[in-house]
Amino acid sequence: MLLVSAQQMRELDDKVQKMGVPALILMENAGKALAYHSMIRLEEKRSSYAPESAGSLRHKGSIAILAGPGQNGGDGFCAARHLASWGYQVKVGFFGDEKRLPREASLNYAMLEGYPVEIYSANYMSPEMVMDKLGYPDLIIDALLGIGAGGDPRFPISLAVDWANSQGVPIVACDIPTGISADTGQVYTPCIKADLTVTMGFAKIGLFSYPGRMFAGDIIVENLGFPQNVVKMVADGEDELGDLGHFALEKVFAQAVCAREIQELLPRRRDDHHKGLSGHVTVIAGSVGMAGASVLTAKGALRAGAGTVTLLCPGKIYQVCASMAPEVMVVPCGDSAVFTPDPESIKMAKDHIDRSDAVAIGPGWGRGRSQTEFLKEILSIMSNTACVIDADALFALRELGGLPYIAGIDGEFVLTPHPGEMATLRDMSTQEVGRARTEVSRKAAMESRNVVCLKGAGTCTAGPEGELLINTSGNSAMATAGSGDVLTGIIASLKAQGLSCLDSAVAGVFWHGIAGDIAYEEKGSFGIIAGDIVEHLPQARAFIERA
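Structural notes, computed from the coordinates.

Conventions and cut-offs
- Residues numbered from 1 in each chain as written.
- Predicted model: local features only at pLDDT ≥ 70, side-chain atom pairs only at ≥ 80, totals over all residues.
- Heavy atoms only, no water.
- Pairing = 2+ DSSP bridges.
- Helix = DSSP H or I, 4+ residues; strand = E, 2+ residues; numbered from the N terminus.
- Patch = residues over 30% accessible without salt bridge, like charges linked within 9 Å, V, L, I, M, F, W, Y side chains within 5 Å.
- Areas by Shrake-Rupley, 256 points an atom, 1.4 Å probe, with all protein chains shown as cover.
- Salt bridge = Lys/Arg side-chain N within 4 Å of Asp/Glu carboxyl O.
- Axes fitted to C-alpha atoms, helices over the stretch in contact; angles between N-to-C directions.
- Parallel < 35°, antiparallel > 145°, perpendicular 65-115°, else oblique.
- Left-handed = near helix turned anticlockwise from the far one by under 90°.
- Contact = heavy atoms within 4.5 Å.
- Nonpolar A, V, L, I, M, F, W, Y, C, P; charged D, E, K, R; others polar.
- Polar contact = N/O pair within 3.5 Å; in protein donor to acceptor, adjacent residues only side chain to side chain.
- Core = buried A, V, L, I, M, F, W, Y, C linked by side-chain atoms within 4.5 Å.
- Buried < 20%, exposed > 50% of the residue type's maximum accessible area, 1.4 Å probe, protein only.

**A few points about the sheet that holds strand 16 (residues 413-415)**
At step 1: Across the sheet, which stays open at both edges, the 12 strands sit in the order 8-1-10-19-18-17-16-15-14-11-12-13 with mixed pairing between neighbours. On the outer flanks of this sheet lie strand 8 (203-204) and strand 13 (329-333), each paired with one strand and no other.
At step 2: Relative to strand 12 (residues 308-314), strand 11 (residues 280-284) runs parallel, the two sharing 5 bridges. Bridge pairing in strand 12 places H280 opposite T308.

Pasting the structure below:
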């Protein structure tokens, strides 16, 4: 699903209008769609309590529309007109000045005069009185602030937001809930907690990026009648449609990753397939006390379809690792508790890297000078083999110089930091990373000149050319030790099977999340462990193929 920023949406609107579609028509389409989906949501709620009353004019409900001073408010006025014509009791709380409304919004405001809609304006009475006049509606429409707003909503709109959230009835947001950044998903205070968001034209990045995703509810995208070639025109930057490659749109816009896209990416097998065609993954992981991380990575690679997997581990955990993973070729690297940069260990690592189609490094390494020097040596021999860098190897990378350091190395890499590791790599706080996940992941990918997966709810995968893909699978039960190690193995496995680094990361993240979703359905929201995710990977693959 295509996602756009606020600026991109404005460009799309401008392009459509230059093609001859008036802004008033776009607002009419938006307002009618908003009204229709609000009606459906209200009837669903009412029928769940009293099925016999659904659809009866005599039992139509009451709807309060909170309208702001811009075009978003105009959509609300238009929705009010349609809802009133369908027999609903409609009240509008207006938080603006009708003399300063944009042209299209002003026209829709004026058209309400001929409809049985009660309008209460904060321009003529106190905001508190407006709230009182709206009474106790059955549903609220949030048409206060649109995609152009930024920062905390100011009084009196802030009062309207608090009032809406306190009513205990369904809230339908127009385009984006008031208080969410359309570009980053950052949530301001206060913020509408919507049950449904009807977003206009194209979905906004902030609706799928956490924490904004938690406030959007269900999301419906209304095309508004945009001509099909408009998106390609804007992506090409020209007035005439250019000859775009397959990834042209992805480099300009963002994507919300769904099963349909992943179906096309996952490797297929012929009837005469053999393990040599599925690639060889080498996992360089583990240390004393963290052998489990290395085994989870190796098992993740196997369950994701790699033909063979070699686990290279420090000598002192060899016996433990070998006993935990009989399907994996386990090889001791030196006789220490951690990886060391001695010539013999480096030669062993090089020999295995050279024979591999992909490498995964970092899970369970531990942190110290020895591991940092070991990383420095093996990164220099990765020029012909793609490598997934995770966990403690990311800390070691920061010690070597961070993202600019990896940018200067010849090779293909996928970095998979969680927010804390990303904060270390980019000299930020974890809170700063959380407030702008999409921007941070994109900048990290461009700075490192490689693929970056910023893990967490709505994992953001970014490519070095500015690609941004936001994951839609997974759940909070996956927040467990070792979950990320499994993901590292999956990504390396897909790369070994022939996918690009970007496609491996995107498909791996989605597949990993579906496995977690299936585990959640079978076992519940608490007590899921990383091994459950590994074991459900085959079922998750089957689910994706059927979707």
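**Examining a nonpolar patch on the surface**
At step 1: Taken together, the side chains of L24, L107 and M111 define a hydrophobic patch exposed on the protein surface, amounting to about 210 Å² of accessible area.
At step 2: Within the secondary structure, L107 sits in helix 4 (residues 103-111).

**Points about the packing of helix 3 (residues 71-85) against helix 4**
At step 1: Between helix 3 and helix 4, whose axes approach to 8 Å, the crossing angle comes to 25°. Relative to helix 4, the element helix 3 is oriented roughly parallel. Crossing of helix 3 against helix 4: the hand is left-handed. Of the residues in helix 4, those in contact with Q71, G74, F77, C78 and R81 of helix 3 are E104, A105, N108, Y109 and M111.
At step 2: Of the residues assigned to the contact of helix 3 with helix 4, the class counts are 5 nonpolar, 3 polar and 2 charged.

**Let's talk about the side chain of T178**
At step 1: Looking at the element boundaries, T178 is found in the loop between strand 6 (171-174) and strand 7 (196-200).
At step 2: Among the polar contacts made by the side chain of T178, one reaches the main-chain amide nitrogen of L145 at a distance of 3.2 Å.

**Re the nonpolar core**
At step 1: In this structure, I284, I361, I378 and I389 are the most contacted members of the largest nonpolar core, which totals 98 residues.
At step 2: For this core, the element with the most residues is helix 2 (residues 23-49), which contributes 7 residues.
At step 3: Excluding residues that lie within four positions of it along the chain, I389 makes contacts with I361, L379, L394, I406, F413, V414, L415 and T416.
At step 4: V283, V330, V451 and A507 belong to the second-largest nonpolar core, a separate cluster that totals 59 residues.

Fair warning: the whole summary comes from geometry, so function is off the table for now.
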